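Spelled out, the chains give:
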Amino acid sequence: MTGEYDLAGVLVAPMLVWALLAFVICLGIYRVLGAVGAYRFVWHRSLFNTALYVLVLGTIAAAVS
Amino acid sequence: MILPGPRDFVFSAKTFAAAMLAVFIAFAIGLPHPAWAMLTVYIVASPFAGMVQSKALYRTAGSIIGASAAVVGVTLFIDMQELLCLFLACWVGLCIYMALLVRPPRNYAYLLAGYTAALVGFPSVDQPQAIFDTAVTRVEEIVLGLICLSLVNRLVFPQRVGPVLRRRIDDYLEAARLWTRDVLTGHGEDATGKVDRHRFVLDAASLDALRVHAAYDTPELRAAEGHVRRLQQRLQALFSVLVAIEDRITTLRRLPGVADGLEPLLLMLARRFEEAGAGTDDRALLAEIDRLQPTATAIRADRNALLLATLLARLRDLLSLWAECRELRAAIAEGRPASGRAPAVELHKDHLTAALAGLSAAAGILTCTSFWIASDWPYGGIATMMVAVACSLFAALDNPAAVARGFMRMSAVAILVGAVYVFGIFPRIDSFVLLAIVLAPFFMAAGAALAIPPLIGTALPLLVTTVAVMELQNERVIDFAAFTNAGIAQLVGIGLGVAVQSLSRPMGPPWAIRRLKVAVNRDLARLAAGNSGMDRIRFENRMFDRLHGLALRLAGDRPDRGAILNDALMTLRIGLNLIALRQVLRHMPEQAVQALTTALEALERSFRAQADDRVTENPLPVLDRALAEVSALPPSPDTDQALLSLAGIRHALSLHGRIGGQAAEPNAIALAGAGG
């Protein structure tokens, strides 16, 4: 684990930064999946999206630390 | 008594799970007030995912703004208690004022901005150094609660707005069809006709309440929102057309000879609206309408022919609007995306009532803080916070004091429930699992009531206050004196909120109805004056919003209900005719413009007078002169239109009877003269 991020003097927990980053990345992925029509093959869209988010967040955390 | 069903208990279990998840995380990461996260879950909880989403969004935005305002205030007025209290009181008042000018769900952000500042700011009056931490943790806990609720709501048995929305649309169209049939068969003023018309207006209001949340539901529904809005606008237009048709038919039926040719046509039309799915081919009907059309010379020679011509024009509108409505309904059902931007919805705004609510809240808060500062009461901060909350939550209601009183009663019960937990149960448990188990029975039972709209007013204060007084904490000190003091402060705060509101806004629905009447007359005066800020869509939107407001307030068995609604409908038609008249005014010959301008000025004066409850001259003679002037002109589409509009206005005013020379009724309840 790295230390806290320093945003203009305010120390922020790394998890928060990763979570926001993962959220932004996921917004892009959702849009692409929607445009391609991949959601037609998904049973529970919200569940799918949440799982995808956890995967992305996990990947970021693993890559950084 | 309405009992919750299995579906409501599923909802309750979901909400409780979300609350416990939020509390667990708050404990785990060491947030100081886990109760705030749990409070948020219960305040925002709603059976529909879209509603949770929209409320969550605006609650977050409002909390961040409010917390920032508190930080700014506390740093600016450090060591100046009185000024800080004044600042916070004004801020809450301002937010309430703004909130009353916008509609749900957006008004929620303003309310939250107001009382979050109070919740964060007032505890910091004594200890300003902690303000930043308090503000940050408050926002963190609210966001945590919202994330937990959204997750559980979306993942576990999600309940979509979509099917409900489609059902409401069908209800609305059905109500429209029934009332159209009533009007065409001449039963519009019978008991059934009135019931159907009332249903039409109420269904419109309930669809609108749902539509605003649909925009935050699934992407498919978001796409349909534009269609729904368009459908609403078509149905509003249909409504005004029907009102126009109704009294033309009534007038024509009284005249011998004219109605003979009309009856078969009306019968054909009525058959068209007899069954839900009957017929889509309008050609035969349109041909029949064309056949009855009187000639241009006949319109000028004969007032009745003129009336018939306007009726036929409205019947044509009726058919095309109905076809559009069915087309839009099909588009929504098939999920076809809307093309282009849907027109914005313009709503009735009442600055006076909003300002009054804001000022009374600020006054209440100042009273409480003066007492707090003067008496050095250590729990005065809690009382002040509750004044702000009580004033904010009920500001939008006609009779906030009565509802706030109910809130206070349930809060008292909740404090007892909280006492049982805090002193009877919590000392005996020592783990989170046990905590969840002991909380479950009460919260599951009360939470189920949250899913049933008529019970929300009882269940919400019970749940929220219980959570607030329990003050869940990792290591808690049991202090009977502190608990009692805080409980008393809560009740005193809410009580003061009730008192302020019953002092400043004691008038209830009659006041609201009166304000609607004034606003209607102002808009009519603006239309008569040719104010560029008013167009047809905007006027229709506002008028329909006012009709909803009236219909909701006249829900009971008030004897003057029919009269008030009729007056409002009449004004809708006068307004539409004024718009049409203004449009053709430019293309008219000189002498007619003169007469028409005089008539419009007379109308403007008369509407302004109605709005201010003054008496002015009767505009009917001036209108008649203009009518004579325009009748003398050679026929052209513009003069025909001017003639039809003038006749429409004159017809409505003369039917209305209570206008001009006669004094407006002193009784504030009646919408007397709204038509004139």
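The structure under discussion appears in the preceding block.
Residues numbered from 1 in each chain as written. Chains lettered and ligands numbered in written order. Predicted model: local features only at pLDDT ≥ 70, side-chain atom pairs only at ≥ 80, totals over all residues. Heavy atoms only, no water.

K.L.:
Kindly report on the overall build of chain B, identifying the contributing residues and their values.
P.N.:
On a plain count of helices and strands, chain B comes out with 25 helices and zero strands. Its C-alpha radius of gyration of 29 Å places chain B within 12% of the 26 Å reference for a compact globule of 676 residues. Overall, chain B is about 90 × 50 × 40 Å in size when its C-alpha atoms are taken along their principal axes. When contacts within chain B are restricted to residue pairs at least 6 apart in sequence, long-range pairs at least 24 apart make up 78% of them. Accessible surface, chain B as shown: approximately 27,700 Å² in total, 62% of it carbon and sulfur. Taking the 64 positively charged and 60 negatively charged side chains of chain B as two groups, their mean positions are separated by 2 Å. (Helix = DSSP H or I, 4+ residues; strand = E, 2+ residues; numbered from the N terminus. Rg over C-alpha atoms; globule rule 2.2 N^0.38 Å. Contact = heavy atoms within 4.5 Å. Areas by Shrake-Rupley, 256 points an atom, 1.4 Å probe, with all protein chains shown as cover. Lys, Arg positive; Asp, Glu negative; His and termini not counted. Charge placed at Lys NZ, Arg CZ, Asp CG, Glu CD.)

K.L.:
Lay out the environment of C95 of chain B in plain terms, naming residues and giving numbers.
P.N.:
Residue and element names in this part refer to chain B. Mapped onto the secondary structure, C95 falls in helix α4 (residues 81-101). Taking C-alpha positions, C95 is 7.4 Å from G358, a pair spaced 263 residues apart along the chain. In contact with C95, not counting residues within four places along its chain, are Y110, A113 and G114.

K.L.:
An account of the interface of chain B and chain A is needed here, citing residue identities and associated values.
P.N.:
Between chain B and chain A, the contact holds seven residues from the first and five residues from the second. In this assembly, chain B packs against chain A so that about 470 Å² is buried in total across both faces, 59% of it on carbon and sulfur atoms. There are zero salt bridges connecting chain B and chain A. Taken together, chain B and chain A are joined by one residue pair in polar contact (both at pLDDT 80 or more). Only α6 (131-155) and α9 (219-254) of chain B provide two or more residues apiece to the side of chain B that touches chain A. Here the side of chain B that touches chain A gets three residues from one element, more than from any other, and that element is α6 of chain B. Residues belonging to the side of chain B that touches chain A are distributed by class as follows: four nonpolar, no polar and three charged. (Buried area = accessible area lost by both parts, 1.4 Å probe. Salt bridge = Lys/Arg side-chain N within 4 Å of Asp/Glu carboxyl O. Polar contact = N/O pair within 3.5 Å; in protein donor to acceptor, adjacent residues only side chain to side chain. Nonpolar A, V, L, I, M, F, W, Y, C, P; charged D, E, K, R; others polar.)

K.L.:
I'd like a description of the packing of aromatic side chains, backed by residues and values.
P.N.:
Taken as a whole and judged by the stated rule, the model has 19 aromatic pairs over all chains. With a centroid separation of 5.6 Å and an interplanar angle of 45°, the aromatic rings of F77 of chain B and F87 of chain B are classed as tilted. Here the residue F77 of chain B occupies a position in the loop between α3 (49-76) and α4, and F87 of chain B occupies one in helix α4, the gap between them amounting to 10 residues. Judged by its relative accessible area of 24%, F87 of chain B falls in the partly exposed class. Just above the ring of Y39 of chain A sits the side chain of R45 of chain A; from NZ or CZ to the centre is 4.0 Å. Over the aromatic face of W36 of chain B sits the side chain of R138 of chain B, whose NZ or CZ is 5.0 Å from the ring centroid. (Phe/Tyr/Trp six-rings, centres within 6.5 Å; stacked < 30°, edge-to-face > 60°. Buried < 20%, exposed > 50% of the residue type's maximum accessible area, 1.4 Å probe, protein only. Lys NZ or Arg CZ within 6 Å of the ring centre and 35° of its normal.)

K.L.:
Provide a residue-level description of the pattern of salt bridges, including the pertinent values.
P.N.:
Residue and element names in this part refer to chain B. By the definition in use, this model includes 12 salt bridges over all chains. The closest approach of N and O atoms between D350 and R515, which form a salt bridge, is 2.9 Å. Within this pair, whereas D350 is found in the loop between α13 (303-334) and α14 (351-375), its partner R515 is found in helix α20 (residues 509-528), the two being separated by 165 residues in sequence. Like D350, the residue R515 is buried in the burial classification. Close ionic contact of D523 with R542 constitutes a salt bridge, the shortest N to O distance being 3.2 Å.

K.L.:
Go over the packing of helix α2 (residues 45-64) of chain A against α6 of chain B with me, naming the residues and quoting the values.
P.N.:
For any two helices packed against each other, one specifies the inter-axial angle together with the distance between the axes. At a minimum axis separation of 8 Å, α2 of chain A and α6 of chain B run at an interaxial angle of 130°. Relative to α6 of chain B, the element α2 of chain A lies oblique. Residues S46, L47 and T50 of chain A of α2 of chain A form the contact with α6 of chain B, whose participating residues are L151, R154 and L155 of chain B. When the residues that make up the contact of α2 of chain A with α6 of chain B are grouped by side-chain class, the tally is three nonpolar, two polar and one charged. (Axes fitted to C-alpha atoms, helices over the stretch in contact; angles between N-to-C directions. Parallel < 35°, antiparallel > 145°, perpendicular 65-115°, else oblique.)

K.L.:
Give me the lowdown on unusual backbone geometry, citing residues and values where you can.
P.N.:
Residue and element names in this part refer to chain B. The residue D79 is not glycine, and still its phi comes out positive at about 65°. By secondary structure assignment, the location of D79 is in the loop between α3 and α4. The backbone of D376 shows a phi angle near 60°, a positive value even though the residue is not glycine. Relative to the elements of secondary structure, D376 occurs in the loop between α14 and α15 (380-393).

K.L.:
Got a sec to walk through the side chain of R138 of chain B? Specific residues and values, please.
P.N.:
For R138 of chain B, the location among the structural elements is in helix α6. For R138 of chain B, the residues in contact, after removing those within four places along its chain, are W36, R59, T116, L119 and V120 of chain B.

K.L.:
Describe α2 of chain A, and please don't skip the residues or the numbers.
P.N.:
The end-to-end C-alpha distance of α2 of chain A is 29 Å, a good match for the 28 Å that 20 residues give at a rise of 1.5 Å each. Looking at α2 of chain A, one finds that the buried residues are S46, N49, L52, V56, L57 and I60 of chain A. Looking straight down α2 of chain A, one finds its buried side chains confined to an arc of 135°; they lie on one side. Along α2 of chain A, exposed side chains directed more than 90 degrees from the buried face belong to V54, L55, T59 and A62 of chain A. Summarising the contacts, the buried residues of α2 of chain A are in contact with α1 (14-36) of chain A together with α6 of chain B. (Expected span 1.5 Å × (residues − 1). Arc of directions from axis to C-beta.)

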